[in-house]
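# Structural overview
Here's the letter readout for the chains.
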Amino acid sequence: MKQKILITGGAGFIGSHLSERLLYEGHDVLCVDNYFTGTKSNIAHLMENRHFELMRHDVTFPLYVEVDQIFNMACPASPIHYQYDPVQTTKTSVHGAINMLGLAKRVKARIFQASTSEVYGDPTQHPQTESYWGNVNTIGPRSCYDEGKRCAETLFFDYYRQHNLDIKVGRIFNTYGPKMRPDDGRVVSNFIVQALTGKNITVYGKGDQTRSFCYVDDLVEGILRFMATDKGFTGPMNLGNPSEYSILEIAKIVIELVGSKSKIIFKPLPEDDPKQRQPDISLAKSKLDWEPKTHLKEGLEKTIQYFNQLLSNEVNG
C-alpha cells in the first residue's frame, strides 16, 4: 500500500539509499535534511520524481507535516563530524527524537529510530546482543553521540509505554557503500581515498581492533523488513554484518583491490575507541529472516568504483 514517508537525514549516506528504495517501491517520500553531513548530490537524481519532495529543515526544531511513517535517520554519525559540534550532536539526537516522536504521536505514524552500535560503548561482551547494557563513558569526546543515541532510545521506549506509540528501534553497526563522504574519517572511506590518491594508509593503534562492516543495500533491506513487522515488536534490534575483520586486514584488502602502492602507517589510538565491535544478529535472523548477503570484497569493489568516479569528477571539475 502506497504511503507518505518522512525520512529525516534523507540526503545523508543511509538516508539517500533509503529514499531511493522507498521511491522504487512506489511510496511518496519527504526527504528532510539540514545538509550538515548530507548533500544534495546524494539525492539530485531523485528531484525529477514527482513522488519525491525535499525540505531543508533541522530536526532540533518541530516539524508539522502529515505522514504515515517516519524514519528518523538525522544525526552526524562519524566521529570527525559529531565531535565538530558536540552540543549540536546531542541536541540532534535528543531534541530531534522528541520532535519526531511528537510528530508521530500527533499523526499516529509508525516511527523507526536509527540507533547505533555505539550504545554498547567499548563492549565487555562479545559479540554484542540486544540485552547488553553497554560500557559507555558519559563524559568522553564520543559521549555526545553515544549518550545522545542512548537517550533517544529511552525517549522512544517511554513514548511506547506512555502513549502506545508504534516504534521500531534499530541499532545500526558499521555500514559502508557508495555515497559515503570522502572526508568523514571512517575506516572504509579513509582507506579507499588514501589508496586511490597514493597516500599512506592511516591505521590507529596496532590495527588489531575489529569491526564488522555491512554493505548499505543489505542494511536498507533489514530496516525495511523491520518496519514491516507487527505493531508491538519494537526492538531494539541489531542490524549489521557479523563477519569480523581487524582494521589492519581491511587496510590490506583495500590496497589489494585498488592496486595501490600506499604504505600502512600507524598512529595512536583515539580515546574511547572500541576494541571490538561485532553484532549478534540472531534476533534479526529469527524475526526478519534477514542477514547480510554482500561479501566484504564485493561491497568494497562497488565502493571503490564510486570513490574513483567521485575523485575523477573533482579533478576534471
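Now for a description of the structure that goes with this document. Because the structure is a prediction, the values reported are computed rather than measured.

Moving on to unusual backbone geometry. The omega torsion of the bond from H126 to P127 falls at -10°, within 30 degrees of zero and hence cis. With respect to the helices and strands, the residue P127 is situated in the loop between β5 (110-116) and α4 (143-163). The amide bond that connects G235 to the next residue, P236, takes the cis arrangement and shows omega of 5°. With respect to the helices, strands and loops of the structure, P236 is situated in the loop between α6 (216-227) and β11 (237-239). Positive phi, normally seen in glycine, also occurs at N164, with a value near 55°. One can find N164 in the loop between α4 and β6 (167-172). One non-glycine residue with positive phi stands out, namely D289, at about 50°. The exposure class assigned to D289 is exposed, which follows from its relative accessible area of 63%.

Scanning all chains against the criterion turns up zero disulfides. Free cysteine C75: the closest other cysteine sulfur is in C144, separated by 8.1 Å. Take C75: its relative accessible area is 14%, and that puts it in the buried class. Unpaired in terms of disulfides, C214 finds its nearest cysteine sulfur in C75, a separation of 19 Å. Judged by its relative accessible area of 0%, C214 falls in the buried class.

Before going further, it helps to spend a moment on the sheet that holds β5. Overall, parallel pairing links the seven strands, which are arranged β3-β2-β1-β4-β5-β6-β11 in an open sheet. In this open sheet, the two edge strands, each paired with only one partner strand, are β3 (52-56) and β11. Going across the sheet, the axis of each strand differs from the next one's by a mean of 20°, ignoring polarity. The pairing of β6 with β11 spans three bridges and is classified as parallel.

With that out of the way, let us pick up the pattern of salt bridges. Going through the model one piece at a time under the given rule, you end up with 18 salt bridges. Here E25 and R21 are joined by a salt bridge, their closest N and O atoms 2.9 Å apart. By relative accessible area, which is 25% here, R21 ends up partly exposed. With a shortest N-O distance of 3.4 Å, R186 and D184 are connected by a salt bridge.

Another aspect to go through is the nonpolar core. Counting residues in hydrophobic clusters, the biggest one holds 56 residues, and the most contacted among them are L18, F71, M73, F112, I223 and L239. Among the elements that make up this core, the one with the highest residue count is α6 (seven residues). The residues contacting L18, other than those within four sequence positions of it, are I7, F71, M73, V220, I223 and L224. Ranked by size, the runner-up nonpolar core spans 26 residues in total, among them L63, M100, A152 and F156.

On to the environment of G134, then. Inspection of the secondary structure puts G134 in the loop between β5 and α4. Since its relative accessible area comes to 26%, G134 is described here as partly exposed. Measuring from C-alpha to C-alpha, the distance between G134 and E118 comes to 8.7 Å, with 16 residues separating the pair along the chain. Residues in contact with G134, not counting those within four places in the same chain, are V119, Y120 and R150.

A few words on the side chain of T60. Structurally, T60 can be placed in the loop between β3 and β4 (69-72). Its relative accessible area of 14% is what places T60 among the buried residues. A distance of 2.9 Å separates a polar atom in the side chain of T60 from a polar atom in the side chain of D58. Setting aside chain neighbours within four positions, we find T60 in contact with Q88, K91, T92, H95, G96 and N99.

The rules behind each value
Each residue is numbered by its place in its chain's sequence as written, counting from 1. Owing to the predicted nature of the model, reporting of local features is limited to residues with pLDDT of at least 70; listing and counting of side-chain atom pairs is limited to 80 or more, with chain, interface and lining totals taken over all residues. Computation of side-chain values: all heavy atoms of the structure, hydrogens and water removed. Helix numbering and strand numbering both begin at the N terminus, where a helix is a DSSP run of H or I of at least 4 residues and a strand a DSSP run of E of at least 2. A simple rule labels every residue: compare its accessible area, found with a 1.4 Å probe on the protein chains alone, to the largest value its type can have, and call it buried under 20%, exposed over 50%, or partly exposed in between. Criterion for a disulfide: a pair of cysteine sulfur atoms at a distance within 2.5 Å. In this analysis, strands are considered paired if DSSP registers two or more bridges between them. Convention adopted: a line fitted to C-alpha atoms gives each axis, helices being fitted over their contacting stretch, and angles between N-to-C directions are expressed from 0 to 180 degrees. Salt bridge, as used here, is a side-chain nitrogen of Lys or Arg placed within 4 Å of a carboxyl oxygen of Asp or Glu. Only buried residues count toward a nonpolar core. Its members are Ala, Val, Leu, Ile, Met, Phe, Trp, Tyr and Cys residues joined through side-chain atoms within 4.5 Å. Whether two residues are in contact is decided by their heavy atoms: any pair within 4.5 Å suffices. Any N or O atom pair separated by 3.5 Å or less is treated as a polar contact, with the protein-specific requirement of one donor-capable and one acceptor-capable atom, and with residues adjacent in sequence counted only for side-chain atom pairs.

The quantities given are spatial measurements derived from coordinates; they are silent on function.
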